[in-house]
Structure formats: C-alpha cells, structure tokens
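So the chains spell out like this:
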Amino acid sequence: MGRRNSTFERLFEELFEFAGYFWQIGAVVTALLAFCSYKAAMWAHGLSSLPSTHITAAFEHFSWLFYLPSVMLGVITVLFFIKTLDAYQSNNEI
C-alpha cells in the first residue's frame, strides 16, 4: 500500500512541475523562497544571540541547529532556481 502525499508535498510537486513549463511561475516561487530563507536566517540569528534561557541552553552545544531551517529553505530555493533557469533557457533557446 502506497503512502499518501501530504498537501504540502503535492503543492511542492505541482509548483516544481509548473516551474519547468512556465519560468515566470518559477521566478516568483524562487523569489518567495529566497525571502523566506532570509527571514528564517534572521530568526535563527536572533534566537542564537539571545541570552541563555531554558530553550537556548538545551541547544547551547548545537547552535547550528537554529540555522537548519534556513539552510533547508536555501537548498529548495536553489533547486527552484535551477529548474526556472532551465525553463527560461528552453523557452528563449539560449
């Protein structure tokens, strides 16, 4: 029996597929993901620079974990950028 995809996974797959056909959609998604990645990095930086609390003390030796969401978003952004660039080049035959 197969595993059902979540709504987020289906949305991601559809956007990735559309980015292959329409580079404009890929450019908008790439820009939104880049902005979200930037905001996640700023959130992580602000969180890691807070004075030691119970939450941050638990991650004191693993402070790089705060940056993991922004790195993951950055990787997804790069994948969308590559797919968008490929679609742009195929549409404009560069």
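Since we're looking at a predicted model, the values are computed, not measured.

**A short note on helix α4 (residues 68-92)**
Part 1 of the reasoning: Over its 25 residues, α4 runs 36 Å from end to end, which matches the ideal 36 Å to within 8%, given 1.5 Å per residue.
Part 2 of the reasoning: Looking at α4, one finds that the buried residues are S70, T77, F80, T84 and A87.
Part 3 of the reasoning: Looking one or two residues past α4, E93 carries a phi angle of roughly 50 degrees, positive in sign.

**So, the packing of helix α1 (residues 7-21) against α4**
Part 1 of the reasoning: Axis separation between α1 and α4 bottoms out at 7 Å; the angle between their running directions is 30 degrees. Compared by their axis directions, α1 and α4 come out roughly parallel. In this structure, α1 contributes F12, L15, F16, A19, G20 and Y21 to the contact, and α4 contributes I76, L79, F80, K83, T84, A87 and N91.
Part 2 of the reasoning: For the contact of α1 with α4, a count of residues per class yields nine nonpolar, three polar and one charged.

**Digging into the packing of aromatic side chains**
Part 1 of the reasoning: The final tally for this structure, using the stated rule, is four aromatic pairs.
Part 2 of the reasoning: On the numbers, 6.2 Å between centres and 20 degrees between planes, the contact of F12 with F16 is stacked. Here F12 and its partner F16 are both found in helix α1, four residues apart, which amounts to about one turn of the helix.
Part 3 of the reasoning: One aromatic cluster in this structure is built from F12, F16 and F80.

Calculation rules
Residues numbered from 1 in each chain as written. Predicted model: local features only at pLDDT ≥ 70, side-chain atom pairs only at ≥ 80, totals over all residues. Heavy atoms only, no water. Helix = DSSP H or I, 4+ residues; strand = E, 2+ residues; numbered from the N terminus. Expected span 1.5 Å × (residues − 1). Buried < 20%, exposed > 50% of the residue type's maximum accessible area, 1.4 Å probe, protein only. Axes fitted to C-alpha atoms, helices over the stretch in contact; angles between N-to-C directions. Parallel < 35°, antiparallel > 145°, perpendicular 65-115°, else oblique. Contact = heavy atoms within 4.5 Å. Nonpolar A, V, L, I, M, F, W, Y, C, P; charged D, E, K, R; others polar. Phe/Tyr/Trp six-rings, centres within 6.5 Å; stacked < 30°, edge-to-face > 60°.

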